[in-house]
Amino acid sequence: MTDSNNALSNLTPAQAEALPAVIQQVLGPIMENMARMFAQNAQALEQIAATQQAQADRMEALEKQIRLNTLVTTKQVQYINNAIRARARELLMKKEIEDAKAIQKISNAIRKSILSRYGVAALHEIPKHEYSVVMNQVNMWNDMLCMRDVVKEVRSRESE
């Protein structure tokens, strides 16, 4: 280290003035190549990131498609049907009605509202991930016009 300090102190003023230009000529191409390499690396990283994002988007779409194509199980359909009948009985009990035909009519109305919500022809065509939503819909179903019509029908049958 002392040898390099001695060598720099032994430079003439003309050599000291020329030293930065010499350093620039020697290191300039190296620095330009490094800058070009960093720019290429940055571009490569951007391309990798774009590719990874595209793959993530495709994976998400595939997962969504799989979720939509996985349908409720036979047992879940049984549970839905049991919940529908229980809700129909519950609503009719509030009106003090215990009529099998009325229970069936209300059950059919609840089932129809579920099927129309999902645009399917049968309960077993509902996506599996919607099972809890369907059960919630059953528990919250309360079509007062339908109830009024069924109650009127039951009362007229009873009065005959």
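Read on for an overview of the structure.

What counts and what doesn't
- Going along each chain's sequence as written, the residues are numbered from 1 onward.
- Where local features are concerned, this predicted model is filtered to residues with pLDDT of at least 70; where side-chain atom pairs are given and counted, the filter is 80 or more; whole-chain, interface and lining totals use all residues.
- For the side-chain quantities, the full set of heavy atoms in the structure was used; hydrogens and water were omitted.
- Counting from the N terminus, the helices are DSSP H or I runs at least four residues long and the strands are E runs at least two residues long.
- How far a helix is expected to stretch is found by multiplying one less than its residue total by 1.5 Å.
- Only protein chains enter the accessibility calculation, which uses a 1.4 Å probe; a residue is then buried when its area is under 20% of its type maximum, exposed when over 50%, and partly exposed in between.
- Note that the arc is computed from the directions linking the helix axis to the C-beta atoms.
- Contact definition: two residues touch when any of their heavy atoms are within 4.5 Å.
- As used in this structure description, the phrase polar contact means that two N or O atoms lie within 3.5 Å; if the pair is within protein, one of them must be able to donate a hydrogen and the other to accept it, and residues adjacent in sequence are counted only when both atoms belong to side chains.
- Basic side-chain nitrogens of Lys or Arg form a salt bridge, by our definition, when they fall within 4 Å of a carboxyl oxygen of Asp or Glu.
- In this analysis, a patch consists of residues with relative accessible area above 30% that form no salt bridge, clustered at 9 Å for like charges and at 5 Å for the nonpolar side chains Val, Leu, Ile, Met, Phe, Trp and Tyr.
- Here the open area of atoms and residues is found with the Shrake-Rupley method and a 1.4 Å probe, where only the protein chains shown may cover a residue.
- The nonpolar core is taken to be a set of buried Ala, Val, Leu, Ile, Met, Phe, Trp, Tyr and Cys residues, with the residues joined through side-chain atoms within 4.5 Å.
- Fitting a line to C-alpha atoms yields each axis, with helices limited to the stretch in contact; the angle taken between N-to-C directions then spans 0 to 180 degrees.
- Angle categories: roughly parallel below 35 degrees, roughly antiparallel above 145, roughly perpendicular from 65 to 115, and oblique for all the rest.
- Should the near helix be turned anticlockwise from the far one by less than a right angle, the crossing is termed left-handed; should it be turned clockwise, right-handed.
- Basically, the charged four are Asp, Glu, Lys and Arg, the nonpolar ten are Ala, Val, Leu, Ile, Met, Phe, Trp, Tyr, Cys and Pro, and anything else, Gly included, counts as polar.

As for helix 6 (residues 144-159)
Spanning 16 residues, helix 6 covers 22 Å between terminal C-alpha atoms, matching the ideal 22 Å at 1.5 Å per step. For helix 6, the set of buried residues is Cys146, Met147, Val150, Val151 and Val154. An end-on view of helix 6 places all buried positions within 130° of arc, on one side of the element. When the buried face of helix 6 is taken as reference, the exposed residues oriented beyond 90 degrees from it are Leu145, Lys152 and Ser159. Buried residues along helix 6 sit against helix 3 (74-94) and helix 4 (100-118). The distance from a side-chain oxygen at the start of helix 6 to the backbone nitrogen of Leu145 is 3.2 Å, and the residue carrying that oxygen is Asp143.

Thoughts on unusual backbone geometry
If you check the backbone angles, Glu96 has positive phi at about 60° while not being a glycine. Taking relative accessible area as the criterion, Glu96 reaches 73% and is therefore assigned exposed.

Examining the pattern of salt bridges
If the charged atoms of two oppositely charged side chains come close together, the side chains can form a pair. Scanning all chains against the criterion turns up five salt bridges. Where Arg157 meets Asp99, a salt bridge forms, and the shortest distance between an N and an O atom there is 2.3 Å. Linking Arg157 in helix 6 with Asp99 in the loop between helix 3 and helix 4, this pair joins segments that are 58 residues apart in sequence. We note a salt bridge from Lys105 to Glu153, for which the minimum N-O separation is 2.6 Å. Of the two residues, Lys105 sits in helix 4 while Glu153 sits in helix 6, which places them 48 residues apart along the sequence. The exposure class of Lys105 is partly exposed, given its relative accessible area of 39%. Several salt bridges share partner residues, and in doing so they unite Asp99, Lys105, Glu153 and Arg157 into one network.

Some thoughts on a nonpolar patch on the surface
A surface patch of nonpolar side chains, amounting to about 960 Å² of accessible area, comprises Leu11, Leu19, Val22, Ile23, Val26, Leu27, Ile30, Met31, Met34, Met37 and Phe38. For Met31, the position within the fold is in helix 2 (residues 13-69).

So, the environment of Ala83
By the element assignment, Ala83 lies in helix 3. Ala83 sits in the buried class, given a relative accessible area of 13%. The spacing of Ala83 and Glu158 is 75 residues in sequence and 27 Å in space, taken between C-alpha atoms. Those residues in contact with Ala83 that sit more than four places away from it in its chain are Met135 and Val138.

Considerations on the nonpolar core
A general feature of soluble globular proteins is that nonpolar side chains tend to end up buried together. The biggest cluster of nonpolar side chains holds 30 residues, and the ones touching the most others in it are Leu92, Ile106, Ile114, Leu123, Ile126 and Trp141. Looking at this core, the elements with two or more residues in it are helix 3, helix 4, helix 5 (131-140) and helix 6. When residues in this core are grouped by element, the largest group, eight residues, is from helix 4. In this view, Trp141 contacts Arg87, Leu91, Ile106, Ala109, Ile110, Ser113, Cys146 and Met147; residues no more than four positions away in its chain are not counted.

Re the packing of helix 3 against helix 4
In the contact formed by helix 3 and helix 4, the axes pass within 8 Å of each other and the chain directions differ by 125°. As summarised for this structure, helix 3 and helix 4 are arranged oblique, according to the angle between their axes. Considering the relative orientation of helix 3 and helix 4, their crossing is right-handed. Here Asn81, Ile84, Arg85, Arg87, Ala88, Arg89 and Leu92 of helix 3 lie close against helix 4, whose contacting residues are Ala102, Ile103, Ile106, Ser107, Ile110, Arg111 and Ile114. Across the contact of helix 3 with helix 4, the residue classes tally to eight nonpolar, two polar and four charged.

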